[in-house]
Amino acid sequence: MDVTGTWLSAGPTIVRAILTAVLFVPLCAQATAIEPRFETAWTDLSSALWMLTHTDAVRAKDPSYKQAVRALYAALGAMDDGITDSTHRPTPPKAAGDGHARLHAAVNFLVAADRLLGPASQDRNADPLRARALIRTREAITATRALVAECRC
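The model shown is predicted, which means the values in this text are computed figures rather than measured ones.

(A) Highlighting unusual backbone geometry. Notably, R152 is not glycine yet its phi reads approximately 50 degrees, a positive angle. Considering the arrangement of structural elements, one finds R152 in the segment after helix 6 (127–151). Look at R152 and you get exposed, because its relative accessible area is 77%.

This is the structure we're talking about:
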């Protein structure tokens, strides 16, 4: 048998390999693509955490403060588990005045993150993490609003 006959008999295998590669590569790219809103939400959560940890308006032993910080770390952890890029690094937000202003800024960042995390994701792997981050974000909103009410600021 000549070389042409060998190649033609192997043709279906080659065609299958090419089709597999053509179909597999876009699926891999889609699976690793990060929805931009998740990175924005992650940044908002990081900014809210910075505002809370850099305020003097509340005591660190306050149960609402502890709940807000715990919830924020849990929300960021859920997002870090696979729906944001591991190369994304937090940067301190523009400082928002005194401790009272920072509490209000934290609430604003949390509400913005809540809006971004609300709609379901097209990525089935990311959606449970998004939902967990959303729950924790809402817990942080409740706790931070309680802090604002307690300090009457």
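Having seen it, we continue.
(B) Main features of the nonpolar core. Counting 39 residues, the largest nonpolar core has L45, L52, L72, M79, L103, L110 and L117 as its most contacted members. Of all the secondary structure elements, the ones that give two or more residues to this core are helix 3 (36–53), helix 4 (63–80), helix 5 (99–117) and helix 6. Among residues more than four places away in sequence, those in contact with L117 are R37, F38, A41, L45, M79, R130, A133, L134 and T137.

(C) How the structure looks around the environment of C151. As for its position among the elements, C151 is in helix 6. Apart from the residues within four sequence positions on either side, C151 is in contact with A57, H100 and L103.

(D) Spotlight on the packing of helix 3 against helix 6. It is the contact of helix 3 with helix 6, at a shortest axis distance of 12 Å, that shows an interaxial angle of 30 degrees. With respect to each other, helix 3 and helix 6 are oriented roughly parallel. Helix 6 is crossed by helix 3, and the crossing has left-handed handedness. Contacts between helix 3 and helix 6 involve R37, F38, L45 and L52 from the first element and R130, T137, T144 and L147 from the second. Across the contact of helix 3 with helix 6, the residue classes tally to 4 nonpolar, 2 polar and 2 charged.

(E) Quick look at the side chain of D44. Mapped onto the secondary structure, D44 falls in helix 3. The buried charged residue D44 lacks any salt bridge, with R115 as its nearest oppositely charged partner at 7.7 Å. Discounting chain neighbours no more than four positions away, the residues touching D44 are F109, A112, A113 and L116.

(F) Expanded view of the pattern of salt bridges. Counting across every chain of the model gives 4 salt bridges. Among the ionic pairs, R37 bridges to E35, the shortest N-O distance being 2.9 Å. R37 gets classed as buried once you look at its relative accessible area, which sits at 17%. Under the relative-accessibility criterion, E35 is labelled partly exposed at 21%.

(G) The arrangement of the environment of I141 in detail. Relative to the assigned elements, I141 resides in helix 6. Linking I141 and V111, residues 30 residues apart in sequence, is a C-alpha distance of 7.1 Å. Non-local contacts of I141, meaning those with residues more than four positions away in its chain, are made with L110, V111 and D114.

Parameters at a glance
Residues numbered from 1 in each chain as written. Predicted model: local features only at pLDDT ≥ 70, side-chain atom pairs only at ≥ 80, totals over all residues. Heavy atoms only, no water. Helix = DSSP H or I, 4+ residues; strand = E, 2+ residues; numbered from the N terminus. Buried < 20%, exposed > 50% of the residue type's maximum accessible area, 1.4 Å probe, protein only. Core = buried A, V, L, I, M, F, W, Y, C linked by side-chain atoms within 4.5 Å. Contact = heavy atoms within 4.5 Å. Axes fitted to C-alpha atoms, helices over the stretch in contact; angles between N-to-C directions. Parallel < 35°, antiparallel > 145°, perpendicular 65-115°, else oblique. Left-handed = near helix turned anticlockwise from the far one by under 90°. Nonpolar A, V, L, I, M, F, W, Y, C, P; charged D, E, K, R; others polar. Lys, Arg positive; Asp, Glu negative; His and termini not counted. Salt bridge = Lys/Arg side-chain N within 4 Å of Asp/Glu carboxyl O.

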